[in-house]
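Results of the structural survey
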Amino acid sequence: MELRQLEHFIAVAEEGGFTRAAQRLHLVQSTLSVSIRALERELGGQLFERTTHQVRLTDAGRELLPEARNAMAAVEAARDAVAAVHGGVRGTVHVGIMHSLTLVDLAALMTRYHEERPQVRIVPHTTAGGSAELVAGVLDGSLDLAFAALPGPYPSGVDVRLLAAEPLLLACPEGHPLSGRTHVPLTELDGERFVEFPVGWGNRASVDRLFEQAGLHREIAVEVTDIPTAAELVRAGFGCAFLGESMTVGARPLTLRPVRPEPMFEVSLITPAARRMPAAAGAFVELLRGQVSCSRS
């Protein structure tokens, strides 16, 4: 078994196919296929189920994936140790980010990090599954760290450091009966129509939990995957929405009203609890700690 074979296996598993994996690795597809077949012969079992339309991990492949990631992480740690002796940090940092991260100035943070460590490549990743999927990425090792906004509790296996928080406010269509209120009791939203975000997104999870705890129900009129579209649908009368004030900065004015009790949008830094972070990722976390006041949860 060779390290490059493990790298090839991880790429195919993460990309869900040989074509995209070959593009990611800058290999011709035939070379990648030969490498995977050699690895399967070495291990004595099939790692992928190959069909005309998709490539899926077998049970053996699913068992190998975390071990392969651990092996590659150990190699990266060895390289880090040698680089540290020579006074340099190299490598790649895979950072999971939400579609809206207005409470943390991530651009300034990444710019500062690149200025201090130009030999490190930062690769941001977004996911359709929102914060829940980002946390899963830290757990399975596909992400070194992530910014997420779940209301908690987070799963075991990750460390969580609260970075910033703001209340989610009720955005109402113009002329809505609640738009003239100074604040809105949550109970008055029972049965109300809402523009919402997908399950797994932090703001959706926070609101879902609050309604569930209060024994209330809301009608989901439509789900969207970006905040500007949600705001436009509210203006168009499709329903209300919960948005943070920072999420609407620079957009057309929108009526926002506080709700009692209020759902919170809490942005946290998510890092692995039991896995050693590469030196490059650790340096990113240290820079973040110096820039943002973090509290551990």
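Below or above, wherever it landed, is the structure these notes cover.

Definitions and limits used
Residues numbered from 1 in each chain as written. Predicted model: local features only at pLDDT ≥ 70, side-chain atom pairs only at ≥ 80, totals over all residues. Heavy atoms only, no water. Core = buried A, V, L, I, M, F, W, Y, C linked by side-chain atoms within 4.5 Å. Buried < 20%, exposed > 50% of the residue type's maximum accessible area, 1.4 Å probe, protein only. Helix = DSSP H or I, 4+ residues; strand = E, 2+ residues; numbered from the N terminus. Pairing = 2+ DSSP bridges. Polar contact = N/O pair within 3.5 Å; in protein donor to acceptor, adjacent residues only side chain to side chain. Axes fitted to C-alpha atoms, helices over the stretch in contact; angles between N-to-C directions. Parallel < 35°, antiparallel > 145°, perpendicular 65-115°, else oblique. Left-handed = near helix turned anticlockwise from the far one by under 90°. Contact = heavy atoms within 4.5 Å. Nonpolar A, V, L, I, M, F, W, Y, C, P; charged D, E, K, R; others polar. Salt bridge = Lys/Arg side-chain N within 4 Å of Asp/Glu carboxyl O. Arc of directions from axis to C-beta. 1 Å grid on protein atoms, 1.4 Å probe; cavity = no way out; pocket = protein on both sides within 12 Å on 5 of 7 lines; lining within 4 Å. Points joined across faces, edges and corners; volume = space filled by probe spheres on them.

Core analysis: the biggest nonpolar cluster contains 69 residues, and Phe147, Leu170 and Leu189 have the highest contact counts within it. A total of eight residues in this core trace back to one element, the largest contributor, which is strand E6 (residues 158-172). Judged by nonpolar contacts, the second largest core, of 19 residues, contains Val12, Ile36, Leu39 and Leu64.

Across four bridges, the pairing between strand E8 (residues 193-196) and strand E9 (residues 219-223) is parallel. By the bridge assignment, Phe194 is partnered in E9 with Ile220.

Attention now moves to the environment of Asp140. With respect to the helices, strands and loops of the structure, Asp140 is situated in helix H6 (residues 130-140). A sequence separation of 39 residues divides Asp140 from Ser179, and the C-alpha atoms of the two residues are 44 Å apart. Here Ser142 takes part through its side chain, which lies 2.7 Å from a polar atom of the side chain of Asp140.

The next thing to look at is the packing of helix H1 (residues 3-15) against helix H2 (residues 18-25). The contact between H1 and H2 brings their axes to 8 Å, and the two run at 125°. Relative to H2, the element H1 is oriented oblique. Of the two elements, H1 crosses H2, and the hand of that crossing is right-handed. Along the contact surface, H1 presents Glu7, His8, Ile10, Ala11, Val12, Glu14 and Glu15, while H2 presents Phe18, Arg20, Ala21, Arg24 and Leu25. The class makeup of the residues in the contact of H1 with H2 is six nonpolar, one polar and five charged.

Between side chains of opposite charge, pairing is possible as soon as their charged atoms come close. Taken as a whole and assessed by the stated rule, the structure comprises 18 salt bridges. With its nearest N and O atoms 2.7 Å apart, the salt bridge here joins Arg4 to Glu2. Overall, Arg4 belongs to the partly exposed group, its relative accessible area being 42%. Counted as one network, the salt bridges with shared partners bring together Glu14, Glu15, Arg24, Arg69 and Asp140.

Glancing now at helix H8 (residues 227-235). Within H8, burial applies to Ile227, Ala230, Ala231, Leu233 and Val234. All buried residues of H8 fall inside an arc of 160° around its axis, so they share one side. Residues of H8 that are buried make contact with E6, E8, E9 and strand E10 (241-244). Looking one or two residues beyond H8, the residue adopting positive phi is Gly237, at roughly 90°.

Attention now moves to the layout of surface pockets. In this structure, the largest pocket spans a volume of roughly 1300 Å³. Lining the largest pocket we find 39 residues, and of these Glu14, Arg24, His94, Gly141 and Ser142 sit closest to its centre. Elements with a contribution of two residues or more to the lining of the largest pocket: H1, H2, helix H4 (59-85), strand E3 (91-96), strand E4 (120-125) and H6. The class makeup of the residues in the lining of the largest pocket is 15 nonpolar, 10 polar and 14 charged. Contributing to the lining of the second largest pocket are 14 residues, with Ser100, Asp226, Ile227, Pro228 and Met247 lying nearest its centre.

Empty space among the atoms becomes apparent when a probe as large as a water molecule is rolled across them. Counted by the stated rule, this structure contains one cavity of 30 Å³ or more. One number sums up the size of the largest cavity: a volume of about 120 Å³. Together, 15 residues line the largest cavity, and Met98, His99, Ser100, Trp201 and Asn203 are the ones closest to its centre. Of all elements in the fold, only H6 and helix H7 (202-214) reach the threshold of two or more residues within the lining of the largest cavity. Broken down by element, the lining of the largest cavity gets its largest block of residues, three residues, from H6. By residue class, the composition of the lining of the largest cavity is eight nonpolar, seven polar and no charged.

Here we take up the packing of H2 against helix H3 (residues 29-43). The contact between H2 and H3 brings their axes to 9 Å, and the two run at 105°. Classified by the angle between their axes, H2 and H3 sit roughly perpendicular to one another. For the pair H2 and H3, contact is made by Phe18, Thr19, Ala21, Ala22 and Leu25 and by Gln29, Leu32, Ser33 and Ile36, respectively. Here the residues of the contact of H2 with H3 sort into six nonpolar, three polar and no charged.

Note that the residue after Arg260, namely Pro261, is joined by a cis bond; omega there is -10°. Assignment of secondary structure puts Pro261 in the loop between strand E12 (259-260) and strand E13 (264-272). Of note, the phi angle at His26 is positive, near 60°, even though the residue is not glycine. Relative to the helices and strands, His26 resides in the loop between H2 and H3. Residue class for His26 comes out exposed when judged on its relative accessible area of 74%.

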